[in-house]
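# A closer look at the structure
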Amino acid sequence: MTPSPARHMPVTVRMFTQRFSSTPRGAHLARHLAVHRLHDWGVPYGCDVSDVAALIVAELAANAVTHGRVPGRDFEMGLGLDGRTLRIDVSDSRGEYRPAGPGDLASPEAGTVGGRGLLLVEALADRWAVLDRLPVGKTVRAELDLPIWICRADVGARRL
């Protein structure tokens, strides 16, 4: 007698990685490509998840270009979607300059320009961390827990 196959929800892991020039244009392109890729994966343009992901990518890419730039080196954006979690990784080559991690961010002084990007990431992401990147550099990772309508295999309704 052969056992009957167990019924499991299908798991599809989607991954995407792209390098961009360490310029403001590269950061701009990273944000646009991220929302385009998410749309292709069933996360429609303009929904909450897409908008939050776009903001997180924009902030992390801007930080990589501004604080992590090494002349002649690109930064890298990675996206991973496993059905329940969206992972956003932005890596640069400058490992010696590490931002404060989750829970350790200080609010900038009143009147200062800048210094709020990671505070936005901390407020919007369900989890985030600063990781070592091998062989050199660092990766800032943010994760978003997805609503059930995106987790379903039949994303036909696409509710917000």
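Every value quoted in this text rests on a predicted model; they were computed, and no experiment measured them.

Backbone torsion omega between leucine 134 and proline 135 reads 5°, so that peptide bond is classified as cis. In this structure, proline 135 sits in the loop between β4 (127-132) and β5 (138-145).

Using the criterion set out here, one finds eight salt bridges in the structure. Salt-bridge contacts for arginine 19 lead to glutamate 76; the nearest nitrogen and oxygen are separated by 3.3 Å. With arginine 19 in strand β1 (residues 14-20) and glutamate 76 in strand β2 (residues 75-81), the pair connects residues that are 57 residues apart, well separated along the chain. For aspartate 89, the salt bridge is made with arginine 87, and the minimal N-O distance between the two is 3.3 Å.

To continue, consider a nonpolar patch on the surface. A grouping of Leu55, Leu120 and Leu124 is seen on the molecular surface, where their side chains present a nonpolar patch of about 200 Å² in accessible area. Within the element layout of this structure, leucine 55 appears in helix α2 (residues 48-67).

Looking now at the side chain of glutamate 76. Looking at glutamate 76, its side chain comes within polar contact range of the side chain of arginine 19, at 3.3 Å. If sequence neighbours within four positions are ignored, glutamate 76 has contacts with Thr17, Gln18, Arg19, Asp89, Val90, Ser91 and Arg133.

Thresholds, definitions, all that
- Residues numbered from 1 in each chain as written.
- Predicted model: local features only at pLDDT ≥ 70, side-chain atom pairs only at ≥ 80, totals over all residues.
- Heavy atoms only, no water.
- Helix = DSSP H or I, 4+ residues; strand = E, 2+ residues; numbered from the N terminus.
- Salt bridge = Lys/Arg side-chain N within 4 Å of Asp/Glu carboxyl O.
- Patch = residues over 30% accessible without salt bridge, like charges linked within 9 Å, V, L, I, M, F, W, Y side chains within 5 Å.
- Areas by Shrake-Rupley, 256 points an atom, 1.4 Å probe, with all protein chains shown as cover.
- Polar contact = N/O pair within 3.5 Å; in protein donor to acceptor, adjacent residues only side chain to side chain.
- Contact = heavy atoms within 4.5 Å.

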